[in-house]
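# Architecture and fold: a report
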2 protein chains.
Amino acid sequence: MRATQFHIGTQKEAPTDAEIASHKLMTRAGMIRKHAGGIYSYLPLGLRVVRKVEKIIREEMDAAGGMEVSMPVIQPAELWQETGRWDKFGPELMRIKDRHNRDFVVQPTSEEVVTDIARNEIHSWRQLPKNFYQIQTKFRDERRPRFGIMRGREFTMKDAYSFDRDEEGAKKSYEGMYAAYTRIFTRMGLAFRAVKADTGAIGGSLSHEFQVIADTGEDLLVYNPQSDYAANIELAEAVSLIETRGAASEPLAKTPTPGAARCEDVAALLKIDLTRTVKSLVLATEPEKEGQPAQIWLLLIRGDHELNEIKAGKVEGLNKGFRFATEAEIVEHFGTLPGYLGPIGTAKPVKLVVDRTVANMSDFVAGANEADFHHTGVNWGRDLPEPTVIADLRNVVVGDPSPDGKGTLAIQRGIEVGHVFFLGAGYSTSMKATFLDQTGKPAPLQMGCYGIGVTRVMGAAIEQNHDGRGIIWPRALAPFEVVICGVGWGKSELVRDAATKLYEELKAKGVDVILDDRDERPGVMFAEWELIGVPVRVTIGDRGLKDGLIEVQGRRDDGAEKVPAAEALDKALAKLESM
Amino acid sequence: MRATQFHIGTQKEAPTDAEIASHKLMTRAGMIRKHAGGIYSYLPLGLRVVRKVEKIIREEMDAAGGMEVSMPVIQPAELWQETGRWDKFGPELMRIKDRHNRDFVVQPTSEEVVTDIARNEIHSWRQLPKNFYQIQTKFRDERRPRFGIMRGREFTMKDAYSFDRDEEGAKKSYEGMYAAYTRIFTRMGLAFRAVKADTGAIGGSLSHEFQVIADTGEDLLVYNPQSDYAANIELAEAVSLIETRGAASEPLAKTPTPGAARCEDVAALLKIDLTRTVKSLVLATEPEKEGQPAQIWLLLIRGDHELNEIKAGKVEGLNKGFRFATEAEIVEHFGTLPGYLGPIGTAKPVKLVVDRTVANMSDFVAGANEADFHHTGVNWGRDLPEPTVIADLRNVVVGDPSPDGKGTLAIQRGIEVGHVFFLGAGYSTSMKATFLDQTGKPAPLQMGCYGIGVTRVMGAAIEQNHDGRGIIWPRALAPFEVVICGVGWGKSELVRDAATKLYEELKAKGVDVILDDRDERPGVMFAEWELIGVPVRVTIGDRGLKDGLIEVQGRRDDGAEKVPAAEALDKALAKLESM
């Protein structure tokens, strides 16, 4: 490609609404243009990256036995009503009406349509397993689209769906996709981590997220540097930090703690470690019968820990939905306001759920259910009954023992770019997608679903790989692998000849190369290509050529290397290999 | 690809709503599945064809200097309001609202968005010309979707847009796209014809349709076998069939024609040729001021001809929209009901528009504006004034002189698969998409737009190429180029070895081959692959192998050719070359 025949539309200013590097850099590099909140066009330079992402995904999906299909963007509501997601899905589901007033959705994902295909196409166990995938436009009507294409409304997603005869087969399909995803993100040249994750709204019982490591990521990834344990913080298991409970050594005392409403304040006031305090959190669940009062729950975690709401939502009784209690409910049940709540002497009975660590604490401090007072020297079994409901309620923190017993946990930030789900028979049962098994009896298809945010991968790659000058593309995703800058193009035939020769040589080697023949000033060219993030730049100018030299510079290098013109090809190829 | 690892979902029955061959065959071959009216999924076999169509288009668009972009499927209404198409477009434009109650459209085409891109990206004449294209999902909310994917609601379209400094440049871009389209459909192996066409709702002043020739096509293509003249019947110029008007030789007479309301009846009754009669058609245009009566128009065409409404719509005064007159309007202006209308003695004055041929007729027959009476021996200048408004009002018929003066015209049926438009500065003016020209002054971008119905090409290819047994794909579009049927797969190692060897050899030659290793009965296999339309079938069975023979059959052949096993590869390749 020659730059004069291509569209390069870099710009100096980042959009005013851009909060993160990828949004700023993609806009400045002329890769995307915004038309409305969360709705973008991909310009030629940006689309080249999208196509490279898609190609890697397609090749690995095909190699893993996936079959590409294409499902409609506009899908009939009837299918979504069959699974109940028409009602369950929030306003992110774009619901629309056609000219005959019939309901449709703009696909955010395609479980319903693919299950509709499966129930029509798959009749016998002999046809299984099957894996259908598509790379298609998706839409989620985000309330507040932001971060450019990272949380846009319209985006491209690869979604795959596996169908198996039994759970064992489905697990195998799941593992196959897990392996394919590992190959995909490895080939893309991205630092990533697969972590166990919560299944959320998609449902099912097993899931992993594929996270691109980046300091700007919204997700917290918990991992064990000494083993292969890794999980999203939503799911990462927090073990008890106290192996055996110590004996009670202090008397229970109601101690004045005026103005100390937070655990940190209490610890400072009493001159004790924060790890000796206990935090009280009050939740409410709606009653089964209307008109009855809400059930109030008291959750206890150690003062230095944070509540993990996903984990709380898995406690029996809280697993059908909960909310935080209102101030009125708290006053009614505890006789005081938040800040001084505790398990001893509540005004009305509440359901107690105790974190694993708290259950093993002794001589601890908790609110006394009276303003400006805390209980010190609290001990289970003596001052209050032994806890009956003990659960993992807290977020893991750095240094926690790994749940696999090998060493301690570390945490890093990541951007979710892929997600694999073991679905089981949920969708197939509600949509009556059955097949005849080996005994001739109908059985529901066992399913899995597997997504990759195609356009999101672009953003994540940039978040992971950029510097003050611009994007640093991994070779596999770069819009061009090499740029040849012809300095003084208009004036020097020598430059034109040398640059064109190297351009043809690189093309012959299968390198995706662009020849900058725009006759721009070197400073402008260099700044543009560094912003765009092409891995290797070759500079050919009259001055260098007089000494028989050509400059080669890797995007991460501090300066250019001058090499004899005859070696420029090999040097550029070697640099590229290392990117 | 091995058939056991692929999804083949042929079915015996065509859908009950299928009216045309492509709809029936694509469904029966397992290429598409319907989810709602005009909304389909593409199954693996169908998508392989789509991808081949896309690849050819992409390669030729790139070769012609096009740059691929991706514009959103969901587009903000504001842009469509700028050009006025938000109001002008009919209910085919799917208008939707997001969660914040903002208006959007599901793109049927992307002139607005691409012009929005152009006005932001193109600032100087130095950046021109540019050609942006995309291959993307489109949606038209057809009132009555039918013919499978041929007139579906959701479909894939390649839409390209060119931007130039001046009309001359834009014409050159237009010609470049015309040439690219010619290469595209030639590479696809389709019999097609480019015809001049009306510009319709897209606007602009020059346009050509690319039509795949097929007897089941909805469009009539007029062409001159002796020259390169070709036009859609909407546009094809009809010259006068009478070079010089003959002298009047009959007296004007009011002749009884009881019950003869159609020209055919009058001609039969009077025992004259139908070419001596004239047909009266009454149109109405709305008045400029409200409350005033509509203007009534009388159009005269020869009795054996048909009115062309597109042409009528180009007559001064009718070019802002017209309708057929109501019966009340006709009675008011002519004093009688349709069937006996004519230009002589109307009850009220009407505007007269005369077809070119009629203007040169003499001694003709027309209605007498009295029930059961016609005028015979009507002559211009004697019985009524010389016609002042003479226009081309009729459809061309087979045998008409060609407007280029070379021989006569023929007509065939076609399916529109591509359309190129010279747009000029309409969109760029309304959206203020200007650039600085060589004198430093702002000028509007000169545009062209160019569409190919990607999924429609599939249907058209089938309409053109099928027989009683199924589809006959041109090699370039076939889901697989060659199928190897292993007969008795499960039982014979000999068969498995020979088939696998040939399979690997064909793959090594770059042939897209599928190995049918399903252990099906030969009759079932053959019927399936003939339905699917794979160009070349190789059959390998125990019986043949014992004599060292393998069968090779082209999809259009009546029977298979038995060749020595060692020659099977060359024979299959030769067959393929000829498809």
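In this text the structure is predicted, and so the values were computed from the model without any measurement.

Next up on the list: the sheet that holds strand S6 (residues 103-106) of chain A. Strands in a sheet are paired, the pairing made by backbone hydrogen bonds, and the direction either parallel or antiparallel. Residues and elements named next belong to chain A. The antiparallel open sheet is built from three strands, whose spatial order is S4-S6-S5. Looking along the sheet, the strands with just one partner apiece sit at the ends: strand S4 (74-76) and strand S5 (94-97). Sheet twist, expressed as the average angle between the axes of neighbouring strands with direction ignored, equals 40 degrees. Relative to S6, S5 runs antiparallel, the two being bridged by four bridges. By the bridge assignment, Lys97 is partnered in S6 with Asp103.

The subject of this paragraph is the interface of chain B and chain A. At the junction of the two partners, chain B supplies 51 residues and chain A supplies 51 residues. Here chain B packs against chain A, burying approximately 4300 Å² in sum over the two surfaces, 59% of which is carbon and sulfur. At the surface where chain B touches chain A, the tally comes to 22 residue pairs in polar contact (both at pLDDT 80 or more). Counting residues per element, the side of chain B that touches chain A draws most heavily on strand S7 (residues 130-139) of chain B, which supplies five residues. Class assignment of the residues belonging to the side of chain B that touches chain A gives a composition of 25 nonpolar, 10 polar and 16 charged.

Take the environment of Leu274 of chain A next. Residue and element names in this part refer to chain A. Position of Leu274 among the secondary structure elements: in the loop between helix H7 (263-270) and strand S14 (278-285). The partly exposed category is assigned to Leu274, whose relative accessible area is 22%. When the C-alpha atoms of Leu274 and Arg302 are compared, they prove to be 8.2 Å apart, with 28 residues separating the residues in sequence.

On to the pattern of salt bridges, then. Overall, the coordinates contain 102 salt bridges over all chains when judged by the stated rule. Measuring nitrogen to oxygen at the nearest pair gives 2.8 Å for the salt bridge that ties Glu329 of chain A to Arg323 of chain A. Its salt-bridge partner being Glu370 of chain B, residue Lys254 of chain B comes within 2.4 Å of it at the nearest N-O pair. One end of the pair, Lys254 of chain B, is in strand S13 (residues 253-256); the other, Glu370 of chain B, is in strand S18 (residues 364-370), and 116 residues separate them in sequence. Accessibility expressed as a relative area gives 34% for Glu370 of chain B, which makes it partly exposed. Several salt bridges converge on common partners, so that one network encompasses Lys55, Glu59, Glu60, Arg183 and Arg187 of chain A.

Residue and element names in this part refer to chain B. Taken in spatial order, the three strands line up as S13-S19-S18 in an open sheet, and their pairing is antiparallel. The sheet terminates laterally at S13 and S18, the two strands that pair on one side only. Neighbour to neighbour, the strand axes of the sheet diverge by 40 degrees on average, direction disregarded. Of the pairings in the sheet, the one linking S18 to strand S19 (residues 373-378) comprises four bridges and is antiparallel in character. Within S19, the position partnered with Gly367 by the bridge is His374.

We now examine the packing of helix H2 (residues 44-63) of chain B against helix H6 (residues 167-187) of chain B. Residue and element names in this part refer to chain B. Between H2 and H6, whose axes approach to 9 Å, the crossing angle comes to 150 degrees. Considered as vectors, H2 and H6 are oriented roughly antiparallel to each other. In this structure, H2 crosses over H6, and the sense of that crossing is right-handed. Across the interface between the two elements, Ile56, Ile57, Glu59, Glu60 and Met61 of H2 pack against Met177, Ala180, Arg183, Ile184 and Arg187 of H6. When the residues that make up the contact of H2 with H6 are grouped by side-chain class, the tally is six nonpolar, no polar and four charged.

Our next topic: the pairing of strand S19 (residues 373-378) of chain A. Here S19 of chain A lies mainly inside the structure; five of its six residues are buried. With antiparallel pairing between neighbouring strands as the criterion, strand S18 (residues 364-370) of chain A and S19 of chain A make up a hairpin whose turn holds two residues, including Asp372 of chain A at a positive phi of roughly 70 degrees.

Here we take up the domain arrangement of chain A. All names here are of chain A. Here chain A is described as being made up of domain 1 (48-71 + 109-237 + 411-463), domain 2 (253-391) and domain 3 (480-578). Centre-to-centre separation of domain 1 and domain 2, based on C-alpha positions: 39 Å. Each partner contributes residues to the interface: domain 1 has six residues there, and domain 2 has five residues. Between domain 1 and domain 2 lies a buried interface of about 440 Å² when both sides are counted; carbon and sulfur atoms form 38% of it. When the buried surface of domain 1 facing domain 2 is broken down by residue, Asp198, Glu234 and Glu237 rank first, second and third, together holding 75% of it. There are one salt bridge connecting domain 1 and domain 2. The salt bridge involving Arg356 is made with Glu237; its shortest N-O contact spans 3.0 Å.

Parameters at a glance
Residues numbered from 1 in each chain as written. Chains lettered and ligands numbered in written order. Predicted model: local features only at pLDDT ≥ 70, side-chain atom pairs only at ≥ 80, totals over all residues. Heavy atoms only, no water. Pairing = 2+ DSSP bridges. Helix = DSSP H or I, 4+ residues; strand = E, 2+ residues; numbered from the N terminus. Axes fitted to C-alpha atoms, helices over the stretch in contact; angles between N-to-C directions. Contact = heavy atoms within 4.5 Å. Buried area = accessible area lost by both parts, 1.4 Å probe. Polar contact = N/O pair within 3.5 Å; in protein donor to acceptor, adjacent residues only side chain to side chain. Nonpolar A, V, L, I, M, F, W, Y, C, P; charged D, E, K, R; others polar. Buried < 20%, exposed > 50% of the residue type's maximum accessible area, 1.4 Å probe, protein only. Salt bridge = Lys/Arg side-chain N within 4 Å of Asp/Glu carboxyl O. Parallel < 35°, antiparallel > 145°, perpendicular 65-115°, else oblique. Left-handed = near helix turned anticlockwise from the far one by under 90°. Domains from an automatic or database assignment.

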